[in-house]
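Below, each chain spelled out in residue letters.
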Amino acid sequence: MSTLAEIEAAIEQLPPEQWVEIRRWLESHAPKAASAPRVDWTGSHAVTRQRRAETRLDAGVVMEALAAVRD
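Residues numbered from 1 in each chain as written. Predicted model: local features only at pLDDT ≥ 70, side-chain atom pairs only at ≥ 80, totals over all residues. Heavy atoms only, no water.

Considerations on the overall build of the protein chain
In step 1: Secondary structure summary: the protein chain contains 4 helices and 0 strands in total.
In step 2: In sequence order, the protein chain lays out its α and β elements as α-α-α-α.
In step 3: The globule rule puts the C-alpha radius of gyration for 71 residues at 11 Å, and the 26 Å found for the protein chain is more than 25% above it.
In step 4: C-alpha extents for the protein chain along the principal axes are approximately 70 × 35 × 25 Å.
In step 5: Within the protein chain, the proportion of its 71 residues that are buried is 1%.
In step 6: Element-wise, carbon and sulfur atoms account for 61% of the exposed surface of the protein chain, whose accessible area totals about 7,000 Å².
In step 7: On the protein chain, the mean spot of the 9 positive side-chain charges and the mean spot of the 11 negative ones are 14 Å from each other. (Helix = DSSP H or I, 4+ residues; strand = E, 2+ residues; numbered from the N terminus. Rg over C-alpha atoms; globule rule 2.2 N^0.38 Å. Buried < 20%, exposed > 50% of the residue type's maximum accessible area, 1.4 Å probe, protein only. Areas by Shrake-Rupley, 256 points an atom, 1.4 Å probe, with all protein chains shown as cover. Lys, Arg positive; Asp, Glu negative; His and termini not counted. Charge placed at Lys NZ, Arg CZ, Asp CG, Glu CD.)

Structure (C-alpha cells):
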C-alpha cells in the first residue's frame, strides 16, 4: 500500500489534464456524510403543537428582539 507522500508525488508527475480526472474520481467517491442532512421541520412537535394564546409570540416581537441583539 502506498503512503500519502508517494501518492502525492505520483499525482504531481501526471500531466495537468489527468489531474481533472483524479478530481472527478475523488469527488465521486467522497463520503456522502460530508454534506449536512436535510431536516423536515414541518412534522416536528415544536412546530405543530398547540400553544395557549398567552404563551404565543408575535412574529414582529421576535424580529425586533433579534434585531436588537444583532445591533
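Picking up where we left off.
With respect to the pattern of salt bridges
Any two side chains of opposite charge can pair, so long as their charged atoms come close to each other.
In step 1: The full count for this structure, using the stated rule, is 1 salt bridge.
In step 2: The closest approach of N and O atoms between arginine 24 and glutamate 21, which form a salt bridge, is 2.6 Å. Remark: glutamate 21 and arginine 24 occur in helix 2 (residues 16-29); sequence separation between them is 3 residues, near one turn of the helix. (Salt bridge = Lys/Arg side-chain N within 4 Å of Asp/Glu carboxyl O.)

What to know about the confidence of the model for the protein chain
In step 1: Residues with a pLDDT of 70 or more make up 92% of the protein chain, whose mean pLDDT is 82.
In step 2: Put simply, helix 3 (residues 45-48) is where the protein chain has its lowest mean pLDDT, 80, and helix 1 (residues 4-12) is where it has its highest, 89. (pLDDT = per-residue confidence, 0-100.)

Considerations on the environment of alanine 53
In step 1: Residue position: alanine 53 is located in the loop between helix 3 and helix 4 (59-70).
In step 2: Expressed as a C-alpha distance, the spacing of alanine 53 and serine 2, which sit 51 residues apart in the sequence, is 66 Å.

A word on helix 4
In step 1: Under the 1.5 Å per step criterion, the end-to-end length of helix 4 is 17 Å for 12 residues, consistent within 8% with the ideal 16 Å.
In step 2: Two or three places before glycine 60, at the start of helix 4, stands the capping residue aspartate 58, its side-chain oxygen 2.9 Å from that residue's backbone nitrogen. (Expected span 1.5 Å × (residues − 1). Polar contact = N/O pair within 3.5 Å; in protein donor to acceptor, adjacent residues only side chain to side chain.)

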